[in-house]
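Residues per chain, in single letters:
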Amino acid sequence: MPIKLIHFLFLLLCAPAFAGVTIQHWTTSQGARVYFVENHDIPMLDVAVDFPAGSRFDRPEKNGLARLTHAMLDQGAGGLNDIQIAQKFADVGAMLGGTFDRDRAGVSLRTLSSRQERDASLSLFMTILHKPEFPQLVMQRERARIIAGLREEESRPGEVADKAFYLALYGSQGYGLPESGTAGSLLKLKRDDLRAWYKNRYRAGDAVIALIGDISRGEAEQLAAQISAGLPPGTAGQEASSPKAPGASTEKRITHPSTQSHVLMGMIGMARSDPDYFPLYVGNHILGGGGFDSRMLGEVRQKRGYAYSAYSYFLPMAQPGPLLIGLQTKNSQADDALKVARETVSAFVAEGPTEAELTQAKNNLVGGFPLRIDSNKEVLDYLRAIGFYQLPLSYLDDWVKNVEAVTLVQIREAFKRRVDPAKLSVVIVGGDAK
Amino acid sequence: MQLVKALLLMGISAPALATITDVTLDNGLRVIIKEDHRAPVAVSQLWYKAGSMDEFNGTTGVAHVLEHMMFKGTEKVPDGQFSKRVAAAGGRENAFTNRDTTVYFQQLQKDKLPVAFELEADRMANLQLKDEAFAKEIQVVMEERRMRTEDNPHSIVYEQLMSVAYQAHPYRRPIIGWMDDLENMAPQDARDWYSRWYAPNNATLVVAGDVKPDEIISLAKKEFGPIAKKTLPSRKPQDEPAPRGEKRITVKAPGKLPFILMAWHVPGLRDPEKDSQPWALQILGGVLDGNDSARLKKSLVKEKRIAVEAGASYDGLNRGPGMFYMEGTPAEGKKVADLEKALKAELNRIASEGVSETELNRVKAQVIAADVYQRDSIFYQAMQLGELAVLGLPLDLLNTRVEKLKSVTAEQVRQAAKLLSDDRLSIAVLDPQPLEAAPRKTTVTGMRHAN
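Just so you know, these numbers come straight off a predicted model, no measurement behind them. (Residues numbered from 1 in each chain as written. Chains lettered and ligands numbered in written order. Predicted model: local features only at pLDDT ≥ 70, side-chain atom pairs only at ≥ 80, totals over all residues.)

Draft legend 1. How the structure looks around the overall build of chain A. Scanning chain A for helices and strands turns up 16 helices and 13 strands. Relative to a compact globule of 434 residues, whose C-alpha radius of gyration would be 22 Å, chain A shows 22 Å and is just as compact. With the C-alpha coordinates aligned to their principal axes, the bounding extent of chain A is approximately 60 × 50 × 40 Å. Looking at chain A as a whole, 58% of its 434 residues are labelled buried. Contacts in chain A between residues at least 24 apart in sequence constitute 82% of all its contacts with a sequence separation of at least 6. (Helix = DSSP H or I, 4+ residues; strand = E, 2+ residues; numbered from the N terminus. Rg over C-alpha atoms; globule rule 2.2 N^0.38 Å. Buried ≥ 20, exposed ≤ 12 C-beta atoms within 10 Å, placed from the backbone. Contact = placed C-beta atoms within 7 Å.)

Draft legend 2. Seen up close, the environment of Leu398 of chain B. All names here are of chain B. Mapped onto the secondary structure, Leu398 falls in helix 15 (residues 397-406). Residue classification places Leu398 among the buried residues on the basis of 22 C-beta atoms within 10 Å. Taking the C-alpha atoms as reference points, Leu398 and Leu385, 13 residues apart in sequence, are found 8.2 Å from one another.

Draft legend 3. Region of interest: the sheet that holds strand 8 (residues 208-213) of chain A. All names here are of chain A. The strand order 1-2-8-3-7-6 describes an open sheet built from 6 strands, whose pairing is mixed. Of all strands in the sheet, those with a lone pairing partner are strand 1 (24-27) and strand 6 (95-100), marking the two edges. Pairs of neighbouring strands in the sheet enclose a mean axial angle of 15°, with direction left out of account. Two elements, strand 6 and strand 7 (residues 105-112), share 6 bridges in a ladder whose sense is antiparallel. Residue pairing for strand 7: Met95 is matched across the bridge by Arg110. (Pairing = 2+ DSSP bridges. Axes fitted to C-alpha atoms, helices over the stretch in contact; angles between N-to-C directions.)

Draft legend 4. Molecular detail of helix 6 (residues 157-170) of chain A. Residue and element names in this part refer to chain A. For helix 6, spanning 14 residues, the distance from its first C-alpha to its last is 20 Å, which sits close to the expected 20 Å at 1.5 Å a residue. Extensive coverage of helix 6 is indicated by the burial of 11 of its 14 residues. Turning to helix 6, its buried residues number three or more, namely Pro157, Val160, Ala161, Asp162, Lys163, Ala164, Phe165, Tyr166, Ala168, Leu169 and Tyr170. The inward-facing, buried residues of helix 6 abut strand 9 (250-254), strand 10 (260-268), strand 12 (322-330) and strand 13 (425-429). (Expected span 1.5 Å × (residues − 1).)

Draft legend 5. Structural detail: the domain arrangement of chain B. Residues and elements named next belong to chain B. What the domain assignment reports for chain B is domain 1 (28-224) and domain 2 (247-433). The interface of domain 1 with domain 2 comprises 29 residues on the first partner and 24 residues on the second. When residues of the side of domain 1 that touches domain 2 are traced back to their parent elements, those giving at least two are strand 2 (30-35), strand 3 (41-48), strand 5 (102-109), helix 6 (153-165) and strand 6 (203-209). With 9 residues, the top contributor of residues to the side of domain 1 that touches domain 2 is helix 6. Grouping the constituent residues of the side of domain 1 that touches domain 2 by class yields 15 nonpolar, 8 polar and 6 charged. (Domains from an automatic or database assignment. Nonpolar A, V, L, I, M, F, W, Y, C, P; charged D, E, K, R; others polar.)

Structure follows, in structure tokens:
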């Protein structure tokens, strides 16, 4: 496959809707923020509930608590065991989903909207949200499975590089913590830790409820009210402190028996609320976000055949997330490829994009906007992002306008101000670190 | 693992056919159109009936290499311009190669479809395949192989097992090709491949989305109509000889956890009306691994805790033969041999005791729901049509599949489990090698000040 830029998906997540997506918004009496799109095209319903309960809230010595708690929600609740819960969802053809990242922990449900199926699956969905039991033996089993997954990740150079990269940027706290913790920290966790975490972080006042599909506004209101009424009340409060940019860049090489070296380079980038969001987003599309339209893939792959994939992205989160530039190439070529990637960033920051590049980027982004919201699944993801990051309700309506308004000068200035090519940290995993 | 194929069989749309148009142009290009007016967008997929199974020894991977080269320019649209023009139209595009087909696709606002047709028709007939572009792109493909296969222990296991499970059938060769073949591939190999298979009468154009069939047909005639048909080479069946007993290999690769992959030769779907085993095997896959409470998860992961992961799937919708897979990663303190025994025991239990109606209905409930959910993606709907077209199966299978699956009985599932005998089985076990296999030196953190 010529282009497969998985990371690109992160960026797609934060964009807009063509005329026709009408978002209804309200707040439940417990303070949960609700985002609803009524759509009867397909007899199904998607519901998602998100909480600020991602791994960045972990204490370093209990790293993995956020993830394990999330993994345990459907493993025993309201008097039902793990198998009964899975059977009951399956019996009505419902699909339970979980999302977990550094900021968020979320649970989602896709169900048929016919009365019987919908009532059964929603009632079960609320059981796992409201009455998780965290049974001791099941917790031990799921913890062992996560630890096995962590060991498996050690064999994958990309995973090793990713962890080392976040650690280099953020240190052993917040976004620097591995999302699933470590074997050592996981083994310290007790059932009471999970229960306390749930009570503290899965609160109605922090919850974001997103709904799209075949129900009426009245039904959606009732459903959101029920979901929020059964959650622990109040809000978790207290934001963790903002990450500090390290004063110096680091370069870390890690030995791995892989045939390729995975090269990651970057620095702390921007938060979701950043006023430079659009200039940086559009600028990065040209630098390394736009696939074959981007300089990074052009220089590393098209001109030199160094790598299958080469990209850059900003990962905007609640607090400033990284700017990440990545590629993977055979070990003997790693230094050459890194040099090209570095020069590409430096040139872009020094000169900014050309008029032609900006026009091409805008044409792609603006023209491609309808593709971002052409399914319920995608609109649901936008509702979740808008709710979680408290973006304006008009976010989708304004998106095209915001992209079109970005100027060459804005991009050049934003990159100059925000990206110092001399301060990029580098992680290389593969070959012999010497 | 080829899990995608299995899912395709499960979720197919019932009310679909009413809005499907299926015509063949004079030059043999088949055009299939699925209307879906939920959003002002469309997807165009061009399916060539040429995949890795059509390759010869010595040039394995050439189908996929050609797929890469298809982006490298024609006289009218020079290297790099294909992607630029699709991007300028606000489109997304990509391509993929598998054992049976090579597929090129674009997703666009509906009024931009002419861009896709014009570009796609141009490269169907006018690809340049220059030596210099090839020299660079073959390096990219080797990097892709390193990334997807060489450095991924489970991929290596799959590749090795297929090369043993099949003796005669070309499914024994990896889609991306053996590294040695890639290193020795010449531009002429790609040219030969292109001139052999890239022709309107070896392709199906599938369009799904907010479109009017008449307009799509006229547009297809305008852009693809002038391309001449070719005489296609005959295709040999290359049938696999009957298996003569279990095969077993050990695969050593850097890793931390062992892994087992088991593959049984089973029938694939050929005649949707007469065949019954493929439907039963599909349901058997669901009983074993169709949801979080299915037998493997329930018994091996949750209750007995022999495995941290366990799975099963039926891969029966192919031009070539079918296969039934089971796989798993043992839990800490458990051996691969324990897991192998446990996986087989689950099969044997179904073969001797059958499955309950409750279990059967649970799997069927998911078939029915998946049939509704898949309507959320026009891309997926187009994929299903393209696949049926390439396999020469009737498009109304979209309508009949759910009924076929719903009609499978508990006894048929039991018989399907009995089919999975040791004589049909090939097994690969991953023997993880130390990650420090490279000349061992301690990891060093280099810290330097930037300014």
